[in-house]
Amino acid sequence: MSSITAELLIDLSKIKKNICSLKSLIGKDSNFMAIVKSDAYGHDLKKLIVRIDDIVDAYGVVRLDEAVSLRRHTQKQILLMQGIYDDLEWNIVKDNSINFVVHDPIQFKFLKKRYPGQKFWIKVNTGMNRLGISLDDLKEVLQKAHLQNDDVLMTHLACADIPDDELNLLQFANFEKAFSQLNCPIQRSILNTNGIINFPQHAYDWVRGGIGMYGGVHHPDLETAMTFRSQIISIRDIQPGDRVGYGGRQQAKTKMKIANVYVGYADGVPQNSIDGTKVLVNDQYAPIFGRVSMDLISVDISKIDNCKVGDWVVLWGDNISINKFAETNSLISYELMTKISPRVKKIFVEL
Ligand SMILES: *Cc1c(COP(=O)(O)O)cnc(C)c1O
């Protein structure tokens, strides 16, 4: 039986370091909520929690089952960001002491009852026009809920990664308007990772850091915690005119050496990755040559020295940025991280 498989090496100590770097960008009075939705962006929620529980103030997830399983591993606050929709869910959040976001008037019925220790997170729409209560509907929140000091008014920025976009200013202004409309001293939260980097002055009481913890944004202090790699299983010499892979998308102009690597779209390599996307072979950059298959990619190793079957090829990790891979293919690092498939072997390392 062959044991060759794509691997995801995960260095949890880098995530811990990244959290410290993000925290150093904001004031000491701000609390850090670690966003660990989608299995900690593909990094294994349970293993991560143990390592970071002492340096974060709370966790944010999206699905109720994530929140419930998280509760078995931490005493810290947990925020269910999609909120709840029925009484069955209300009982579950109450039994597990899970805080939840109220982002739509359909959820206002839960404002009337608060379980002991519960905090409400009220999400307002300030201009992203995705989730969030309109400023007009805030009056109704005040009528239904007796807001307390440690409840939180939150919003989410649409353009945190584009600091010059005027939508940011509009959102900050609307957030101020919402806060003064409430006219009570509750806490506030706006920033995600790019917000922390670009607008640290708006950190208020809570920041919600996700992608930056995992090193999925360009920043000198943040390192990518995952390395996605597999091995060469076959090397082929081809002649001018030979075409490679499905559709024969690429054609050799000269004599070439092609390495076939045991990783494909069923592992999490985007199927539409373009020719020329760089991967790392024996610490040298080499371009993808031809269409990504379910289980294989073809790489042009004509210029790589001493390449042989069994050598490792890194798609992203140290020295080959996940952000570069994403940008080359008009994708985002979030999608690359969360689409690594379960068949990829996760290995926890401290490099
Ligand atoms: C996912 C999410 C975040 C984290 O965003 P990053 O860009 O990954 O830092 C913050 N807030 C909310 C509401 C989210 O859904």
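Just so it is clear, the structure is predicted and the values come from calculations on it, not from any experiment.

Overview of unusual backbone geometry
Positive phi outside glycine occurs at Asn-129, with the angle close to 55°. Following the sequence through the fold, Asn-129 ends up in the loop between strand E6 (120-123) and helix H6 (138-144). Among the residues examined, Asn-129 registers a relative accessible area of 60% and is labelled exposed. A positive phi is found at Asn-306, a non-glycine position, where the angle reads about 50°. Looking at the element boundaries, Asn-306 is found in the loop between strand E16 (297-300) and strand E17 (312-316).

Observations regarding the domain arrangement of the protein chain
The domains assigned to the protein chain are domain 1 (12-214) and domain 2 (226-348). Between domain 1 and domain 2, the C-alpha centre-to-centre distance is 37 Å. Between domain 1 and domain 2, the contact holds 12 residues from the first and 8 residues from the second. In total, domain 1 and domain 2 occlude about 900 Å² of area from one another, counting both sides; carbon and sulfur atoms represent 63% of this.

Some remarks on the site of the ligand
Around the ligand, 13 residues are found, and the nearest of them are Lys-37, Tyr-41, Thr-193, Ile-211 and Tyr-334. The side chain of Lys-37 places a nitrogen or oxygen atom 2.7 Å from an oxygen atom of the ligand. At 2.9 Å from an oxygen atom of the ligand is found a main-chain nitrogen or oxygen belonging to Gly-210. Considering the ligand on its own, with 390 Å² of exposed area, one finds that the protein chains cover 93% of that surface. Of all elements in the fold, only helix H2 (37-42) and strand E9 (206-209) reach the threshold of two or more residues within the shell around the ligand. When the residues that make up the shell around the ligand are grouped by side-chain class, the tally is 5 nonpolar, 5 polar and 3 charged.

Considerations on the environment of Gln-271
Mapping Gln-271 onto the fold places it in the loop between strand E13 (256-261) and strand E14 (278-281). Gln-271 sits 21 residues away from Gln-250 along the chain, and the two C-alpha atoms are 15 Å apart. Ignoring any residue separated from it by four or fewer positions in sequence, one finds Gln-271 in contact with Tyr-265, Arg-291 and Val-292. A distance of 3.5 Å separates the side chain of Gln-271 from the backbone oxygen of Val-292, its partner in a polar contact.

A short note on the side chain of Gln-231
With respect to the helices and strands, the residue Gln-231 is situated in strand E10 (residues 226-238). Its relative accessible area of 16% is what places Gln-231 among the buried residues. Apart from residues lying up to four places away in sequence, Gln-231 is in contact with Ile-4, Asn-260, Val-261, Tyr-262, Gly-310, Asp-311 and Trp-312.

Rules used in this analysis
- Residues numbered from 1 in each chain as written.
- Predicted model: local features only at pLDDT ≥ 70, side-chain atom pairs only at ≥ 80, totals over all residues.
- Heavy atoms only, no water.
- Helix = DSSP H or I, 4+ residues; strand = E, 2+ residues; numbered from the N terminus.
- Buried < 20%, exposed > 50% of the residue type's maximum accessible area, 1.4 Å probe, protein only.
- Domains from an automatic or database assignment.
- Contact = heavy atoms within 4.5 Å.
- Buried area = accessible area lost by both parts, 1.4 Å probe.
- Near = heavy atom within 4 Å.
- Polar contact = N/O pair within 3.5 Å; in protein donor to acceptor, adjacent residues only side chain to side chain.
- Areas by Shrake-Rupley, 256 points an atom, 1.4 Å probe, with all protein chains shown as cover.
- Nonpolar A, V, L, I, M, F, W, Y, C, P; charged D, E, K, R; others polar.

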